[in-house]
Amino acid sequence: GKVEQVGTPKELYERPQTAYVRDFIGKCITLQATIEGVEQGAVKVAFGEGRRVVLTAINNFVSQPSRGEKVTIAIRPEDIVVNAQMDEDDHNFLEGEIDALLFMGDRMECHVRIGEEAILVYAPRYQNLEEGMKVRLSFPPEGLSVWPKA
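The rules we used
- Residues numbered from 1 in each chain as written.
- Predicted model: local features only at pLDDT ≥ 70, side-chain atom pairs only at ≥ 80, totals over all residues.
- Heavy atoms only, no water.
- Phe/Tyr/Trp six-rings, centres within 6.5 Å; stacked < 30°, edge-to-face > 60°.
- Helix = DSSP H or I, 4+ residues; strand = E, 2+ residues; numbered from the N terminus.
- Buried < 20%, exposed > 50% of the residue type's maximum accessible area, 1.4 Å probe, protein only.
- Lys NZ or Arg CZ within 6 Å of the ring centre and 35° of its normal.
- Contact = heavy atoms within 4.5 Å.
- Pairing = 2+ DSSP bridges.
- Core = buried A, V, L, I, M, F, W, Y, C linked by side-chain atoms within 4.5 Å.
- Salt bridge = Lys/Arg side-chain N within 4 Å of Asp/Glu carboxyl O.

A. Looking closely at the packing of aromatic side chains. Under the defined criterion, the tally for this structure stands at 2 aromatic pairs. Plain terms: the ring middles of phenylalanine 61 and tryptophan 147 are 4.0 Å apart, the flat faces sit at 15° to each other, and that makes the pair stacked. With phenylalanine 61 in the loop between β4 (59-60) and β5 (70-75) and tryptophan 147 in strand β11 (residues 145-148), this residue pair connects regions lying 86 residues apart in the sequence. Residue class for phenylalanine 61 comes out partly exposed when judged on its relative accessible area of 26%. The ring of tryptophan 147 carries arginine 22 above its face, with NZ or CZ at 4.9 Å from the centroid. When the ring centre of tyrosine 122 is taken as origin, the NZ or CZ atom of arginine 107, which lies over that ring, is 4.1 Å away.

B. Structural view of the side chain of threonine 34. The topology assignment puts threonine 34 in strand β1 (residues 29-39). When sequence neighbours within four positions are dropped, the list of residues in contact with threonine 34 reads Lys44, Val45, Ala46, Arg52, Gly68, Glu69, Lys70 and Val71.

C. Up close: unusual backbone geometry. We note that glutamine 40 has phi near 50°; this positive angle belongs to a residue other than glycine. Note on placement: glutamine 40 falls in the loop between β1 and β2 (42-47). Judged by its relative accessible area of 86%, glutamine 40 is exposed.

D. Seen up close, the pairing of strand β3 (residues 53-57). Along β3, 4 of the 5 residues are buried, which leaves the element largely enclosed by surrounding structure. Direction of pairing for β2 relative to β3: antiparallel, over a ladder of 5 bridges. When the sheet's bridge partners are listed, valine 45 is paired in β3 with leucine 55.

E. Seen up close, the sheet that holds strand β8 (residues 107-114). What the 5 strands build is an open sheet, ordered β6-β10-β7-β8-β9; its pairing is antiparallel. The two strands at the open ends of the sheet, each matched to only one other strand, are β6 (81-82) and β9 (117-124). Across 6 bridges, strand β7 (residues 93-103) lies against β8 in antiparallel orientation. What sits directly across from phenylalanine 103, in β8, is methionine 108.

F. Broad picture of the nonpolar core. Ranked by internal contacts, the top residues of the largest apolar core, which has 33 residues, are Val45, Val112, Ile119 and Leu137. Of all elements in the fold, only β1, β2, β3, β5, β7, β8, β9 and β10 (134-138) reach the threshold of two or more residues within this core. By residue number, the principal contributor to this core is β9, which donates 5 residues. In this structure isoleucine 119 touches Ile29, Leu31, Ile80, Cys110, His111, Val112, Ile114, Leu137 and Phe139, once residues within four positions along its chain are discounted.

G. Structural detail: the sheet that holds β11. Taken in spatial order, the 6 strands make up an open sheet running β3-β2-β1-β5-β11-β4, and their pairing is mixed. Across the chains shown, the open sheet's two edge strands, defined by having one partner strand only, are β3 and β4.

H. Main features of the pattern of salt bridges. Here the structure, examined in full by the defined rule, presents 8 salt bridges. The shortest N-O distance in the salt bridge between glutamate 14 and lysine 10 comes to 3.5 Å. Note that glutamate 14 and lysine 10 are positioned in helix α1 (residues 9-14) at a spacing of 4 residues, about one turn of the helix. Among the residues examined, glutamate 14 registers a relative accessible area of 45% and is labelled partly exposed. Across the pair arginine 22 and aspartate 23 runs a salt bridge whose closest N-O atoms are separated by 2.7 Å. The exposure class of arginine 22 is buried, given its relative accessible area of 5%. Overlapping salt bridges, with partners in common, bring together Asp106, Arg107 and Glu109 in one network.

Structure follows, in structure tokens:
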């Protein structure tokens, strides 16, 4: 075997250095995106066809990101905020529709469709959500990472 990364469980979970560690330690949502640019160390990526949405990620694992490069963006389901109250200036969100809800005791697991993609999101169990509901998902830049396309 090969050692991928050495660190505490928290370091491995929050700051994986390889896609293998990212996907092996806990659930991780991945989506395909395109680099729009880099500003002050943060990578801006575009997601979606037709109506493109630009998201900002602080954690970058692409060695020399360049505009137009196809990448994978990743985030943990618990880092996505459902129906986040945001200002008009906020940009790190996607809109979707809840396909399915599953009560897990300590949380709700929401299967949300964003265009052609379906992702898993965790929400507080007391949040008033319903299947078929349109939701706004906030992707905090510190929870979003950019990886070479898988």
